[in-house]
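Residue-level listing of the chains:
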Amino acid sequence: MAATNAITFVWEGMDRKGSKVKGESQASSEILLKADLRRQGINPLKVKKKPKSLFGSSGKKIIPKDIAIFARQLATMMTAGVPLVQSFEIIGRGHENPNMQDLVLSIKSDVEGGTSLADALEKKPKYFDALFCSLVGAGEQSGALESLLDKIATYKEKTEELKAKVKKALFYPTAVLVVAFIVMSILLIFVVPQFESIFKGFGADLPAFTQMVIGLSDFFQEFWWLVFLGIGGAIFGFKVAKQRSPKMRRWLDIISLKIPVVGGILEKSAIARFARTLATMFAAGVPLVEAMDSVAGATGNALFYEATMKMKDDVATGTQLQQSMKQTGIFPNMMVQMVSIGEESGSLDEMLGKVADFYEAEVDNLVDGLSSLLEPLIMAVLGVLVGGLVIAMYLPIFKMGAVV
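As a further point, take the overall build of the protein. In terms of helices and strands, the protein carries 15 helices and 3 strands. For 404 residues, the compact-globule estimate of 2.2 N^0.38 gives 22 Å, and the protein exceeds it by more than 25% at 30 Å. By principal-axis analysis of the C-alpha atoms, the protein measures approximately 100 × 65 × 35 Å. Buried positions account for 41% of the 404 residues belonging to the protein. Counting only carbon and sulfur atoms, one obtains 62% of the accessible surface of the protein, whose full area is about 22500 Å².

What follows is the structure, encoded as structure tokens:
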């Protein structure tokens, strides 16, 4: 019987030599843990549940990169001949993140109880998606789990590397704009009012540009909380609307592909994920029609999702994959030709892998190019914003100097 809700216990006991030993283990109950320790030759003296932190789990949040590393470690150990359960024990105990330790040891507990690895992973949908579980299931059924785990590890590493490149392209300008807004807010709230008090003694009309900046400063001083609250509310509302509205997500995905430079990065990353996912599943022996569901979800774009699901229906009725791809009109001609060659030569997974490598390299080049383009552009924007404020404040002083 599988351990459905594994609990972490800390225990102390005596081994066969009479030496004191202690450790942590996961089990469904204290009774089962004591029985397991006795089978190992340990007489349990103290067994209690591991206390939780007052602020929840003390470990870091489990991120997709942790799952990619876990897949690689498991693939390496099984290829080296280490038994599955022992591999989980080594990986779990050796991980620095307590949350990841608990996850791995929980899977180990399920597998020890007789659950298949694929079923044990399916109990953790937050960390292991349908693609991961289906590939593991295919590996268990075919008796080639080590080979499939290696393919999964490579797939996860490539996809996480690609995601990191896309995030890098979007994070840099966003971070700079946020910093620019904060600096502008500080200047408007704290610096401009000092100049305003000086200008009141001039007894002359201020330049229109200076008056505009002072008016903006007065508004910020009085309603700064409303501005920040409005921006925060808009961001929160946007996220909620995006999560709950498929139509909005579709519209945003389509619009994002039309943004200069950034759209090219997003489009090529979607094509790379499509090719990488389909190559991995096809190489694992998953039928093409069945693989399409996971491939559609992996693209990360509504337009490519819809195209992939249409291709699934076409392939199910006997249409060739390359013909269906061509009909969608969103896949580049080079990719269609590579898929055509792969279908004719019986090496579709190899050709798709080459397509994925090509477009991942394209994304890398585009991200580097975007970074080079944005650096002078962002400096110019910051110069205009901050320089504009400085000029607005010094215009009255220049005017007085000209009069004198």
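Right, picking up where we left off after that structure.
We now examine the pairing of strand β1 (residues 7–14). Sheet analysis places β1 next to strand β2 (residues 20–27), joined by 8 bridges and oriented antiparallel. From the neighbouring strand, Met14 faces β2, where its bridge partner is Lys20. Remark: 5 residues form the turn of the hairpin made by β1 and β2, two consecutive strands paired antiparallel; Gly18 in that turn has positive phi of roughly 85 degrees. Relative to strand β3 (residues 43–49), β1 runs antiparallel, the two sharing 6 bridges. Within β3, the position partnered with Phe9 by the bridge is Lys49.

Quick look at the sheet that holds β2 now. One open sheet accounts for 3 strands, arranged β2-β1-β3; its pairing is antiparallel. The sheet is open, and its two edges are formed by β2 and β3, each paired on a single side. The mean inter-strand angle of the sheet, taken between neighbouring strand axes irrespective of direction, is 25 degrees.

On to the pattern of salt bridges, then. As enumerated under the stated definition, the model contains 12 salt bridges in all. Of the charged contacts, one joins Asp36 and Arg39 as a salt bridge, the two residues approaching to 3.3 Å between their closest N and O atoms. Of this pair, Asp36 and Arg39 both sit in helix α1 (residues 30–39), 3 residues apart, roughly one helical turn. Across the salt bridge formed by Lys310 and Asp314, the nearest N and O atoms sit 3.2 Å from each other. Of this pair, Lys310 and Asp314 both sit in helix α12 (residues 302–316), 4 residues apart, which is roughly one turn of that helix. Given a relative accessible area of 39%, Lys310 falls into the partly exposed group.

Moving on to the packing of helix α2 (residues 64–79) against helix α4 (residues 98–112). α4 packs onto α2 with a crossing angle of 50 degrees between their chain directions and a minimal axis gap of 12 Å. Classified by the interaxial angle, the pair formed by α2 and α4 is oblique. The handedness of the crossing between α2 and α4 comes out as right-handed. From α2, Asp66, Ile67 and Phe70 reach across to α4, where they touch Met100, Leu103 and Val104.

The next point concerns the packing of aromatic side chains. A full pass over the atoms with the stated rule returns 10 aromatic pairs. Aromatic rings pair up to connect Phe70, Phe88, Phe128 and Phe132 into one cluster.

In this section: the environment of Leu162. The topology assignment puts Leu162 in helix α7 (residues 145–199). Here the alpha-carbon distance between Leu162 and Gly92, two residues 70 residues apart in the chain, equals 27 Å.

Quick look at the nonpolar core now. Grouped together as the largest cluster of nonpolar side chains are 77 residues, with contacts concentrated most on Leu117, Leu321 and Phe331. Apart from residues no more than four positions distant in its own chain, Leu321 is found in contact with Leu278, Leu288, Met292, Met311, Val315, Val339, Glu343 and Leu348. One finds Leu188, Phe199, Leu206 and Phe220 within the second-largest nonpolar core, a separate group that totals 14 residues.

Relative to the elements of secondary structure, Lys20 occurs in strand β2. When its relative accessible area of 72% is taken as the criterion, Lys20 is described as exposed. Separated by 149 residues in the primary sequence, Lys20 and Ala169 place their C-alpha atoms 55 Å from one another. Residues in contact with Lys20, not counting those within four places in the same chain, are Gly13 and Met14.

Moving on, we come to helix α8 (residues 208–244). Helix length check: α8, at 37 residues, gives a terminal C-alpha distance of 46 Å against a target of 54 Å (1.5 Å per residue), a shortfall beyond 12%. Approximately 80 degrees is the largest bend angle found in α8, and it occurs at Phe223. All of the buried residues in α8 are Thr210, Val213, Ile214, Ser217, Phe220 and Val227.

Within the fold, Thr280 resides in helix α10 (residues 262–283). There is a polar contact of 2.8 Å between the side chain of Thr280 and the backbone oxygen of Arg276. The residues touching Thr280, leaving out its near neighbours within four places in the chain, are Leu135, Lys151 and Tyr155.

About the criteria used
Residues numbered from 1 in each chain as written. Predicted model: local features only at pLDDT ≥ 70, side-chain atom pairs only at ≥ 80, totals over all residues. Heavy atoms only, no water. Helix = DSSP H or I, 4+ residues; strand = E, 2+ residues; numbered from the N terminus. Rg over C-alpha atoms; globule rule 2.2 N^0.38 Å. Buried < 20%, exposed > 50% of the residue type's maximum accessible area, 1.4 Å probe, protein only. Areas by Shrake-Rupley, 256 points an atom, 1.4 Å probe, with all protein chains shown as cover. Pairing = 2+ DSSP bridges. Axes fitted to C-alpha atoms, helices over the stretch in contact; angles between N-to-C directions. Salt bridge = Lys/Arg side-chain N within 4 Å of Asp/Glu carboxyl O. Parallel < 35°, antiparallel > 145°, perpendicular 65-115°, else oblique. Left-handed = near helix turned anticlockwise from the far one by under 90°. Contact = heavy atoms within 4.5 Å. Phe/Tyr/Trp six-rings, centres within 6.5 Å; stacked < 30°, edge-to-face > 60°. Core = buried A, V, L, I, M, F, W, Y, C linked by side-chain atoms within 4.5 Å. Expected span 1.5 Å × (residues − 1). Bend = angle between axes of the 7 residues up to and from the residue. Polar contact = N/O pair within 3.5 Å; in protein donor to acceptor, adjacent residues only side chain to side chain.

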